[in-house]
Amino acid sequence: MRYKLLGKSGVRVSELVLGTMTFGTAWGWGADKTECQRMVELYAKAGGNFIDTSVNYTDGEAETILGDLLSADRDHFVVATKYTLTKRDSPDPNSGGNSRKNMRQSVERSLKRLQTDVIDLLYLHVWDYTTPVEEVMRGLDDLVRAGKVNYVAISDSPAYIIAEANTLAELRGWSRFVGIQMPYSLANRMIEHEIVPLAHHWDMAVLPFSLIGGGVLTGKYQANDDQPTRFNREQMQIQERTQGIIAEVAKIAEEVGHSTAQVAINWVRQQDQALMLPILGARTAAQLEDNLAVLDWNLSADQLKRLDDASKIEPDFLAQWKGNPYVFGATFDHIDNHHS
């Protein structure tokens, strides 16, 4: 396992992150505490030190289990959690969202469950489109100044909000976001349009999740077996484009002698490697062991191209202006651009 700096920060985190949305059985498809312990031990043995959770994962079970498992060696790990989400049937209008009220309540709950004095990385989980940006950023900075949070990040939010938030934070001397968490896989490459360029501009880590599309890219939703799945098999409608990607992943997996999951994960891991910190979301220790094996090999340039061709997306409108002769005339190839 190698280590990277977490965006514009000095903290060193392992190149693969352990996700814990599968920790706990409250949602019907997760792992019990014994299996979670196996996964944490396996991850730590491989050199992993960066674990991702949320105040709402498995209705709080994930944080509680993680707090118990890390209590003997808490300081070794970089622990990230999130605030925003609540239970679907909550009757309290302030039990979710981005407000300072929910932020502080959630952080106190997370600190207690995680059995710790400080959260290493706190994410805003989802933008709620109601809370003012300045309320969020001042509230997060207050938590950092109070010593309850070390760094802040954001997840599942639009690029224009992230840019405004970081600009406001820098102008006012508040803590700014050091990372962005978003879904990213061969089946879903939409972050390449705005989020990845934004991350480069602001020196933010990109922490992609759903690397195998909730299992879709492994082909398991096309298999006739009774293995538990996150999504309902009978309701899954796999688009023609995705079917082509699944087929190419399977071909390459056969060529290299590795699992389809490893092929899909390594494609993400090998994209913009200085920027990416992929989050592994295994449900069993066996799955995690297979996922961690990506550290032992890489896709070839030809295999990466085949996967790119199978999964390519249309460039956005703005991409046409990079190096465009109507901007640079005939001089673009003669410009040494250290900003690119």
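Below, the structure is looked at part by part. (Residues numbered from 1 in each chain as written. Predicted model: local features only at pLDDT ≥ 70, side-chain atom pairs only at ≥ 80, totals over all residues. Heavy atoms only, no water.)

1. Points about helix α4 (residues 133-145)
In this model α4 runs 18 Å from its N-terminal to its C-terminal C-alpha over 13 residues, within 8% of the 18 Å that 1.5 Å per residue would give. Those residues of α4 that sit buried are V133, V136, M137, G139, L140, D141, D142 and L143. Among the structural elements, β5 (78-83), α3 (100-114), β6 (119-124), β7 (149-155), α5 (159-172) and β8 (177-183) are those in contact with the buried residues of α4. Remark: G147 follows α4 within two positions and exhibits a positive phi of approximately 80 degrees. (Helix = DSSP H or I, 4+ residues; strand = E, 2+ residues; numbered from the N terminus. Expected span 1.5 Å × (residues − 1). Buried < 20%, exposed > 50% of the residue type's maximum accessible area, 1.4 Å probe, protein only. Contact = heavy atoms within 4.5 Å.)

2. A word on the pairing of β5
Counted residue by residue, β5 has six buried out of six residues, so it is predominantly covered. Burial along β5 is two-sided: the residues V78, A80 and K82 and V79, T81 and Y83 are all buried. For strand β4 (residues 50-52) and β5, the ladder comprises three bridges, and the chain directions are parallel. Looking across to β5, one finds that I51 is bridged to V79. As a crossover connection, the stretch from β4 through helix α2 (residues 61-70) into β5 is right-handed. As judged from the four bridges shared by β5 and β6, these two strands associate in the parallel manner. Considered in β6, the bridge of K82 is made with Y123. (Pairing = 2+ DSSP bridges. Right-handed = clockwise from strand over helix to strand, strands pointing away.)

3. Some remarks on unusual backbone geometry
Unusually for a residue other than glycine, T84 sits at a positive phi of about 145 degrees. Take T84: it is sitting in the loop between β5 and α3. Overall, T84 belongs to the buried group, its relative accessible area being 4%. For Q115, which is not glycine, the phi dihedral falls at a positive 55 degrees. As for its placement among the helices and strands, Q115 is situated in the loop between α3 and β6. Q115 gets classed as partly exposed once you look at its relative accessible area, which sits at 43%.

4. Structural notes on the packing of aromatic side chains
Enumeration according to the criterion identifies four aromatic pairs in this entry. Arranged with centres 5.5 Å apart and planes meeting at 50 degrees, the rings of Y184 and W267 form a pair that is tilted. With Y184 in the loop between β8 and α6 (195-202) and W267 in helix α8 (residues 260-269), this pair connects stretches of sequence that are 83 residues apart. With a centroid separation of 6.4 Å and 75 degrees between ring planes, the pair formed by F317 and W321 is classed as edge-to-face. The aromatic ring of Y123 is capped on one face by K82, whose charged end is 5.4 Å from the ring centroid. (Phe/Tyr/Trp six-rings, centres within 6.5 Å; stacked < 30°, edge-to-face > 60°. Lys NZ or Arg CZ within 6 Å of the ring centre and 35° of its normal.)

5. As for the sheet that holds β6
Pairing between the strands of a sheet is mediated by backbone hydrogen bonds and can be parallel or antiparallel. The strand order β9-β8-β7-β6-β5-β4-β3-β10 describes an open sheet built from eight strands, whose pairing is parallel. With one partner strand each, in any of the chains shown, β9 (205-209) and β10 (279-280) form the two edges of the open sheet. Both β7 and β8 contribute to a ladder of three bridges, which runs parallel. Note on β8: the bridge partner recorded for S155 is Q181. Helix-sheet contacts for helix α1 (residues 33-45) involve β3 (17-19) and β4, and the interaxial angle to β3 is about 175 degrees. (Axes fitted to C-alpha atoms, helices over the stretch in contact; angles between N-to-C directions.)

6. Things to note about the nonpolar core
Ranked by internal contacts, the top residues of the largest apolar core, which has 94 residues, are L6, F23, F50, M137, L140 and F177. Ranked by residues supplied to this core, first place goes to α5 with six residues. Leaving out residues up to four positions away in the same chain, L6 has contacts with V11, V13, F50, L121, V178, A205 and L277. (Core = buried A, V, L, I, M, F, W, Y, C linked by side-chain atoms within 4.5 Å.)

7. Notes on the pattern of salt bridges
Within the structure shown, the criterion is met by 17 salt bridges. A cluster of three or more residues bridged by salt bridges with shared partners is formed by E248, E255, D302 and R306. (Salt bridge = Lys/Arg side-chain N within 4 Å of Asp/Glu carboxyl O.)

8. Structural notes on the side chain of S95
Checked against the element boundaries, S95 lands in the loop between β5 and α3. Those residues in contact with S95 that lie beyond four places of it in its chain are L85, T86, S90 and N102.

9. Some thoughts on the packing of α5 against α6
Interaxial distance between α5 and α6 falls to 10 Å at its minimum, and their mutual angle equals 15 degrees. Looking at the two axes, α5 sits roughly parallel to α6. In this structure, α5 crosses over α6, and the sense of that crossing is right-handed. Every residue of α6 that contacts α5 at A159, I162, A163, N166, T167 and E170 is listed here: I195, L198 and W202. Broken down by class, the residue content of the contact of α5 with α6 amounts to six nonpolar, two polar and one charged. (Parallel < 35°, antiparallel > 145°, perpendicular 65-115°, else oblique. Left-handed = near helix turned anticlockwise from the far one by under 90°. Nonpolar A, V, L, I, M, F, W, Y, C, P; charged D, E, K, R; others polar.)

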